[in-house]
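Now for the letters of each chain:
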Amino acid sequence: MSHVLAILIILLGVAFLIVVERKGLGMMQFRQGPNKVGLKGMLQPIADGVKLFTKEFSLPYSSFIGVYLAGPFLCFFLSYCVWVVFPSFYSTSRFDLPVLFILCVSSSHVFGVFLVGWSADSRYSFLGAMRGVAQTISYEIVFTTIILIPLVMISCLSLVDFRVSGMGMFLMCMEVFLMWMIVSLAELNRAPFDFVEGESELVSGYTVEFGGAGFALIALGEYGSIFFMSMLTGVIFLSVGSGGAISNLMFSVWMVLFSYFFVGIRGSMPRYRYDLLMSFCWTKLLPLSLSLLAFYFCLGILF
């Protein structure tokens, strides 16, 4: 029952993250954003959810129907099953090797993107899926290398131990933190690296043939991943120890601030070029991350 309640709370938070992004982008562009449903548009997520889940779900004539229906559910499931590793001090059970589980699930998320884009039998959705697959696989390597650096420094694989340690990785390795934020944007397909839904090129990318409940599940999965990445960033790089209520409050503040960071980047930076993004990964980030991993590994051995 507690796990079901936790998932419902996360879903509610993700729904309001969507309306926060819309309101934030509106303020950055000197416009209103959602402001009709409820007080200042605060009930907009509920209205959007009712509209999407009661909308007619149409199937493209030439689509692979079974895979077409399974794709959005897979994206949604993979985005929320990873929350079982949430580092709570009040949990009665602890998840073994949570970091390895995170890496496995994040690597599997590419299958959901591919199935969504391929099953619709549309050239635009297929091209968007191919971009997403290539981008995710490329940056997954750098993502794994970067997350290993704090593990080497703290010598554990538990997120709870990260929180208990109170080690400020942000202060100890700022260059790793900066690379982490760049890779997070690429992993989540967020601006300025949102090439899978380049409106001028791919007409919303791999989700172009989805509407109603299918689109809602894909959107919830995408924003759920943003929320989870914000939590993971706070745990690994800005842990403040296990000081009770103050620690939990700071942990929540970091989650919210990093979520706002992803919104602010979308409203302030133009889209990058796809070939430059891939070149940046293989020729700049990957050699640098491997060098930093070797450096901090040697540093851990010496000290």
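It should be emphasised that the depicted structure is a prediction, and the values quoted were computed from it without experimental measurement.

## Examining the UniProt feature "transmembrane region" (unreviewed entry) in the chain
- This chain's UniProt record puts "transmembrane region" (unreviewed entry) on residues 65-86, 98-117, 137-160, 167-186, 213-238, 245-265 and 285-302.
- For residues 98-117, the end-to-end C-alpha separation is 29 Å, with 100% helix and 0% strand making up the annotated structure.
- Measuring from the first to the last C-alpha atom of residues 213-238 gives 36 Å, for a span that is 96% helix and 0% strand.

## Describing helix H12 (residues 274-302)
- Here H12 spans 41 Å end to end across 29 residues, near enough to the 42 Å set by a 1.5 Å rise per residue.
- Taken as a whole, H12 carries its principal kink of about 35° at Cys281.
- When H12 is considered as a whole, its buried residues turn out to be Leu277, Met278, Cys281, Leu285, Leu286, Ser289, Leu292, Leu293 and Tyr296.
- Where H12 is buried, its residues touch helix H5 (123-154), helix H7 (169-172) and helix H8 (174-187).

## Remarks on the confidence of the model for the chain
- Put simply, the chain has an average pLDDT of 85, and 91% of its residues get 70 or more.
- Within the chain, helix H9 (residues 199-202) has the poorest average pLDDT of any element, 65, and helix H3 (residues 65-81) the best, 91.

## Looking at a nonpolar patch on the surface
- On the surface, a nonpolar cluster with roughly 440 Å² of combined accessible area is contributed by Leu249, Val253, Val256, Leu257 and Tyr260.
- With respect to the element layout, Val256 can be found in helix H11 (residues 245-268).
- On the basis of relative accessible area, Val256 is assigned to the partly exposed category, the value being 39%.

## Quick notes on the nonpolar core
- Membership of the largest hydrophobic core comes to 61 residues, with the highest contact counts inside it found for Trp83, Phe162, Trp180 and Leu232.
- Tallying contributions element by element places helix H10 (residues 213-237) first for this core, with 11 residues.
- When sequence neighbours within four positions are dropped, the list of residues in contact with Phe162 reads Pro150, Leu151, Ile154, Cys156, Met169, Val235, Ile236 and Ser239.
- If you look at the next biggest cluster of nonpolar residues, it comprises 10 residues, including Tyr68, Cys75, Ala129 and Ile218.

## A short note on the environment of Phe251
- Position of Phe251 among the secondary structure elements: in helix H11.
- Here Phe251 is in contact with Phe86, Pro87, Arg163, Met231 and Val235, once residues within four sequence places are set aside.

## Details of the packing of aromatic side chains
- Counted under the stated rule, the structure contains 16 aromatic pairs.
- Ring centres of Trp83 and Phe228 lie 5.3 Å apart, and the angle between their planes is 80°; on these two criteria the pair is classed as edge-to-face. In this pair, Trp83 is assigned in the loop between H3 and helix H4 (98-119) and Phe228 in helix H10, connecting sequence segments 145 residues apart.
- You can call Trp83 buried: its relative accessible area is 7%.

## Some words on H5
- Helix length check: H5 (32 residues) gives 47 Å between terminal C-alpha atoms against 46 Å at 1.5 Å per residue, within 8%.
- Maximal helix bending in H5 amounts to about 25°, located at Glu140.
- A positive backbone phi angle near 60° is found at Ser155, which sits one or two residues after H5.

## Re the state of the cysteines
- Tallied over the full model, the rule gives 0 disulfides.
- Cys75 forms no disulfide, and the closest cysteine sulfur to it belongs to Cys81, at a distance of 12 Å.
- Accessibility expressed as a relative area gives 3% for Cys75, which makes it buried.
- Free cysteine Cys281: the closest other cysteine sulfur is in Cys104, separated by 19 Å.

## Details of the pattern of salt bridges
- Per the stated rule, a full pass over the model turns up 6 salt bridges.
- Salt-bridge contacts for Arg22 lead to Asp48; the nearest nitrogen and oxygen are separated by 2.9 Å. Taken together, the residues span a long stretch of sequence, with Arg22 in helix H1 (residues 2-28) and Asp48 in helix H2 (residues 44-54) at a distance of 26 residues.
- Notably, a salt bridge pairs Arg190 with Glu222, separated by 3.9 Å at the nearest N-O pair. In this pair, Arg190 sits in the loop between H8 and H9 while Glu222 sits in helix H10, placing the two residues 32 residues apart along the sequence.

## A few points about the packing of H5 against H10
- Where H5 meets H10, the axes come as close as 10 Å, and the angle between the chain directions of the two elements is 35°. Like other packed secondary-structure pairs, H5 and H10 cross with a definite hand, here left-handed. Contacts between H5 and H10 involve Phe143, Ile147 and Pro150 on the former and, on the latter, Met229, Leu232, Ile236 and Phe237.
- Taken together, the residues of the contact of H5 with H10 sort by class into 7 nonpolar, no polar and no charged.

## Things to note about the side chain of Asp194
- Locating Asp194 in the fold gives a position in the loop between H8 and H9.
- In terms of polar contacts, Asp194 uses its side chain to reach the side chain of Arg271, at 3.1 Å.

Cut-offs applied
Residues numbered from 1 in each chain as written. Predicted model: local features only at pLDDT ≥ 70, side-chain atom pairs only at ≥ 80, totals over all residues. Heavy atoms only, no water. UniProt positions renumbered as here; feature names shortened; annotations may be inferred. Helix = DSSP H or I, 4+ residues; strand = E, 2+ residues; numbered from the N terminus. Expected span 1.5 Å × (residues − 1). Bend = angle between axes of the 7 residues up to and from the residue. Buried < 20%, exposed > 50% of the residue type's maximum accessible area, 1.4 Å probe, protein only. Contact = heavy atoms within 4.5 Å. pLDDT = per-residue confidence, 0-100. Patch = residues over 30% accessible without salt bridge, like charges linked within 9 Å, V, L, I, M, F, W, Y side chains within 5 Å. Areas by Shrake-Rupley, 256 points an atom, 1.4 Å probe, with all protein chains shown as cover. Salt bridge = Lys/Arg side-chain N within 4 Å of Asp/Glu carboxyl O. Core = buried A, V, L, I, M, F, W, Y, C linked by side-chain atoms within 4.5 Å. Phe/Tyr/Trp six-rings, centres within 6.5 Å; stacked < 30°, edge-to-face > 60°. Disulfide = S-S within 2.5 Å. Axes fitted to C-alpha atoms, helices over the stretch in contact; angles between N-to-C directions. Left-handed = near helix turned anticlockwise from the far one by under 90°. Nonpolar A, V, L, I, M, F, W, Y, C, P; charged D, E, K, R; others polar. Polar contact = N/O pair within 3.5 Å; in protein donor to acceptor, adjacent residues only side chain to side chain.

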